[in-house]
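# Notes for the structure review
Now for the letters of each chain:
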Amino acid sequence: MDEPTAALTQDEIDSLLASVRTLAAGGVSFIFISHKLREVVDIADDVSVIRDGKLIATGPASEFDTDKISFLMTGNQVVNVRRTDVAQATGEPTLRVSGLSLGETFQQIDLDLYAGRILGLSGLVGCGKISIGLAIAGLIPTESGTIALHGKRVHSARSRRDIQYLPDDRLTEGLYLDWSIAENVVASSLAETRNPAHLLSTGRQQALAEQWRSKLSIKTPTVEAPVSSLSGGNQQRVLLARALAPRPDVMIFNNPTVGVDVGSRAAIHDLIRTVANEGTAVLLISDEPAELLAVSDDVGFVISGRLTETHAADGLTEERIIDINQSEVAA
């Protein structure tokens with residue numbers, strides 16, 4: 001089973017793991033591959049850790065905890081931290097969403113994004129939170145409501161070039177797999193790679209790609225290699241580079257660490273914090289409570305297509321986030 005819980009709610013995860021245990025007790029053997037280390041510790045009888053294609057450690061699950069697995073996977077101590085020293089929500093918001101609606105998908109969404117701050121959106125799979133991000137980015141139409149960037153209303157995807165969106169599926173919605181790393185990185189920044197004759201400059205493309213390879217520590221011998229040759233974590237960094245290269249005023253992240261290892265996950269969280277600290281307004285859409293707590297300043301809850309409540313992240317716990325989201329099921 002390869003990342004079987006990636007798109008499941010907590011109740012669905014619990015049900016799946018219970019089924020695995022029942023089948024295992026009946027004699028079925030499982031290989032359970034996951035970057036969600038709590039699930040590995042919870043479900044496994046034995047644990048094997050692979051790093052850079054080599055078996056690093058193997059043994060009974062009782063000999064492992066999440067910290068030890070993280071260390072073995074990365075070779076470093078991975079520290080889970082919460083965001084601190086954040087900018088205050090003062091003055092006019094960078095982006096204001098008012099009364100945004102799309103049929104039964106989401107209704108009457110009001111939210112403000114401020115420079116230097118990160119708003120997380122939480123909710124069960126299918127609650128509408130991803131569609132809200134797509135609508136703000138201009139990638140799907142809406143039926144009513146307004147979106148204003150720096151106080152000026154934006155109408156179309158063309159007028160939203162200062163808003164960048166990072167999709168949750170890098171393979172089908174994000175990367176051009178047959179293109180080189182360099183071509184993927186510069187795809188959203190073609191204006192910066194033109195020469196005085198307004199033609200694309202290979203040299204400028206190479207320089208921009210090298211800059212982002214260094215900044216995001218993309219592991220590759222050359223930026224001319226196809227992006228399909230990279231590991232999942234490095235592919236995600238290429239996608240991040242492409243979204244950040246235009247230096248957007250608003251950055252929307254949709255589950256930015258899906259399918260990446262614990263080391264890449266920590267690095268991406270650091271990067272999102274840095275992006276906000278440099279003055280970008282950030283919307284983080286995530287299915288994972290731990291990610292929301294690690295990165296967000298505030299967390300808004302989308303239940304049945306409505307943004308029902310927003311809390312300061314430092315007053316929340318993973319259990320509280322799950323409880324609020326599960327209120328949709330109870331209702």
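Residues numbered from 1 in each chain as written. Predicted model: local features only at pLDDT ≥ 70, side-chain atom pairs only at ≥ 80, totals over all residues. Heavy atoms only, no water.

### Concerning the environment of Glu192
Note the threshold: Strands here mean DSSP runs of E at least two residues long; helices mean DSSP runs of H or I at least four residues long; both are numbered from the N terminus. Every residue pair with non-hydrogen atoms within 4.5 Å of one another is taken to be in contact.
Within the element layout of this structure, Glu192 appears in the loop between helix 6 (181-185) and helix 7 (202-216). Sequence separation of Glu192 and Ala245 is 53 residues, and the distance between their C-alpha atoms is 9.4 Å. When residues no more than four places from it in sequence are discounted, the contact partners of Glu192 are Arg204, Leu208, Ala245 and Pro246.

### A look at the pairing of strand 11 (residues 298-303)
The condition is simple: The cut-offs for exposure are 20% and 50% of the maximum accessible area for each residue type, with area from a 1.4 Å probe on protein chains only; residues under the lower value are buried, those over the upper are exposed, and the others partly exposed. Two strands qualify as a pair provided DSSP detects at least 2 bridges between them.
Summarising burial for strand 11: five of the six residues are buried, a large majority. The pairing of strand 5 (residues 118-122) with strand 11 spans four bridges and is classified as parallel. Within strand 11, the position partnered with Leu119 by the bridge is Asp298. Note: strand 11 against strand 12 (residues 306-312), six bridges, orientation antiparallel. Among the inter-strand pairings, Phe301 is bridged to a residue of strand 12, identified as Glu309. Here strand 11 hands over to strand 12 after two residues, with Ser304 in that stretch at a positive phi of 50°.

### Quick look at the sheet that holds strand 3 (residues 95-102)
Paired through backbone hydrogen bonds, the strands of a sheet run either parallel or antiparallel to each other. The strand order across the open sheet built from four strands is 4-3-6-7, with neighbouring strands paired in antiparallel fashion. Each edge of the open sheet is held by one strand with a lone partner, namely strand 4 (106-113) and strand 7 (152-153). Pairing of strand 3 with strand 4, which is carried by five bridges, proceeds in the antiparallel orientation. By the bridge assignment, Arg96 is partnered in strand 4 with Asp112.

### Regarding the nonpolar core
For the record, the criterion: Here, nonpolar core means buried Ala, Val, Leu, Ile, Met, Phe, Trp, Tyr and Cys residues that are tied together by side-chain atoms lying within 4.5 Å of each other.
Judged by nonpolar contacts, the single largest core of 44 residues is most densely connected at Ile181, Trp212, Val238, Phe253 and Val282. Of all the elements, helix 8 (residues 232-244) adds the most residues to this core, at six residues. If sequence neighbours within four positions are ignored, Phe253 has contacts with Leu166, Leu240, Ile272, Val282, Leu283, Leu284 and Ile285. Listed in part, the 27 residues of the second largest apolar core include Phe106, Cys127, Leu149 and Ile252.

### Focus on the pattern of salt bridges
Side-chain pairing between opposite charges can occur once the charged atoms of the two side chains come close. What counts is decided by this rule: One speaks of a salt bridge when a side-chain nitrogen belonging to Lys or Arg is within 4 Å of a carboxyl oxygen belonging to Asp or Glu.
Counted under the stated rule, the structure contains eight salt bridges. Between Arg117 and Asp298 there is a salt bridge, with its nearest N and O atoms 2.6 Å apart. On the criterion of sequence distance, the pair formed by Arg117 in the loop between strand 4 and strand 5 and Asp298 in strand 11 is long-range, its members being 181 residues apart. According to the relative accessible area criterion, Arg117 is buried, its value standing at 12%. Here Glu210 makes a salt bridge to Arg213, at a shortest N to O gap of 3.0 Å. On the criterion of helical spacing, the pair formed by Glu210 and Arg213 is a turn pair, its members being three residues apart in helix 7.

### Quick look at a nonpolar patch on the surface
As a reminder of what qualifies: Patches here are clusters of residues that have more than 30% relative accessible area and form no salt bridge, with a 9 Å joining cutoff for like charges and a 5 Å cutoff for nonpolar side chains (Val, Leu, Ile, Met, Phe, Trp, Tyr). Accessibility throughout is a Shrake-Rupley quantity obtained with a 1.4 Å probe, and a residue counts as covered only by protein chains that appear here.
Together, Met1, Leu23, Val28 and Phe30 give the surface a local cluster of nonpolar side chains, amounting to about 310 Å² of exposed area. Mapped onto the secondary structure, Phe30 falls in the loop between helix 1 (10-25) and helix 2 (37-43). Since its relative accessible area comes to 31%, Phe30 is described here as partly exposed.

### Quick notes on the sheet that holds strand 5
For clarity, the threshold we go by: Only C-alpha atoms enter the line fits that serve as axes; for helices the fit covers just the stretch in contact. Angles between N-to-C directions range over 0 to 180 degrees.
Overall, mixed pairing links the six strands, which are arranged 8-9-10-5-11-12 in an open sheet. The open sheet has two edge strands, strand 8 (163-166) and strand 12, and neither has a second partner. Between one strand and the next, the sheet's axes are offset by a mean angle of 20°, whatever the strand orientation. Sheet topology note: the strand 9 (residues 250-254)/strand 10 (residues 281-285) ladder contains five bridges and is parallel.

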